[in-house]
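So you can see what is in the structure, the chains are spelled out below.
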Amino acid sequence: MIENTLIRTEIALRRGWGVNDAFINMCTLYFMSNPVYQNFELNSLLKPEALSLLFQYDDYLLALILVNNPDTITVIINDLVTLY
């Protein structure tokens, strides 16, 4: 279910799992283009603890991460089939 995916993704971010160069580049572009983060140091935003917290509270970052995760679409389809 999508709730479990959110929990697993947040835990993975906190532990630094799956944080590769492509993921860092995606987050860097997001943080650099979002005026909310213009006064923050980029390296501090990319730390696992910060990413896991931002994943919980920044809906745009959450959506960006989930959309770029191929497993998310499978989970959403499975949830829809289960609900209907």
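For the structure itself, look to the data block above.
In this report, we go over the structure that sits alongside the text. Residue numbers restart at each chain and count upward from 1, following the sequence in its written direction. Restriction of local features to residues with pLDDT of at least 70 applies here, the model being predicted, together with a cutoff of 80 or more for giving and counting side-chain atom pairs; totals for whole chains, interfaces and linings are based on all residues. Side-chain numbers come from the whole structure's heavy atoms, not from hydrogens or water.

Glancing now at the overall build of the chain. Put simply, DSSP marks the helices as runs of H or I at least four residues long and the strands as runs of E at least two long, and each gets a number from the N terminus on. For the chain, the count of helices and strands is 6 helices and 0 strands. In the chain, the succession of α and β elements from N to C terminus is α-α-α-α-α-α. Projected onto its principal axes, the C-alpha positions of the chain cover 45 × 25 × 20 Å. Here's how the labels work: a residue is buried when its accessible area is under 20% of the maximum for its type, exposed when over 50%, partly exposed in between, all with a 1.4 Å probe on protein chains only. When the 84 residues of the chain are sorted by exposure, 33% land in the buried category. Long-range contacts, defined here as pairs at least 24 residues apart, represent 60% of the contacts in the chain between residues at least 6 apart. Total accessible area on the chain stands at roughly 6,000 Å², and carbon and sulfur atoms take up 62% of it. The contact criterion used throughout is that any non-hydrogen atoms of two residues lie within 4.5 Å. Throughout, the Shrake-Rupley method with a 1.4 Å probe supplies accessible areas, and for residues the shown protein chains are the sole cover considered.

Turning to the layout of surface pockets, a few remarks are in order. Only protein atoms enter the 1 Å grid, on which a cavity is a set of points fitting a 1.4 Å probe that cannot get out and a pocket is an open set with protein on both sides within 12 Å along at least 5 of 7 lines, lining residues being those with an atom within 4 Å of a point. Grid points are joined across faces, edges and corners, and a volume is the space filled by probe spheres set on the points. Looking at the largest pocket, its volume works out to about 310 Å³. What lines the largest pocket is a set of 15 residues, among which T9, A12, W17, I65 and N69 lie closest to the centre. For the lining of the largest pocket, the secondary structure elements donating two or more residues are α1 (2-15), α2 (21-33) and α6 (70-83). Ranked by residues supplied to the lining of the largest pocket, first place goes to α1 with 5 residues.

The next point concerns a nonpolar patch on the surface. On the surface, a cluster of nonpolar side chains totalling about 500 Å² of accessible area is made up of I76, L80, L83 and Y84. Relative to the elements of secondary structure, Y84 occurs in the segment after α6. Patches here are clusters of residues that have more than 30% relative accessible area and form no salt bridge, with a 9 Å joining cutoff for like charges and a 5 Å cutoff for nonpolar side chains (Val, Leu, Ile, Met, Phe, Trp, Tyr). One side-chain nitrogen of Lys or Arg within 4 Å of one carboxyl oxygen of Asp or Glu is enough to make a salt bridge.

Formed by 16 residues in total, the largest nonpolar core has its most connected members in F23, C27, F31, L61 and I65. A per-element tally of this core places α2 first, with 5 residues. To form a nonpolar core, buried Ala, Val, Leu, Ile, Met, Phe, Trp, Tyr and Cys residues must be joined to one another through side-chain atoms within 4.5 Å.

Residue position: L61 is located in helix α5 (residues 59-67). Judged by its relative accessible area of 0%, L61 falls in the buried class. Taking the C-alpha atoms as reference points, L61 and F31, separated by 30 residues in sequence, lie 9.0 Å from one another. Excluding anything up to four places from it in sequence, L61 contacts C27, Y30, F31, L54 and F55.

Inspection of the secondary structure puts T74 in helix α6. Looking at T74, the relative accessible area reads 54%, which means it is exposed. Distance from T74 to I2, taken between C-alpha atoms, is 9.7 Å for residues 72 residues apart in sequence.

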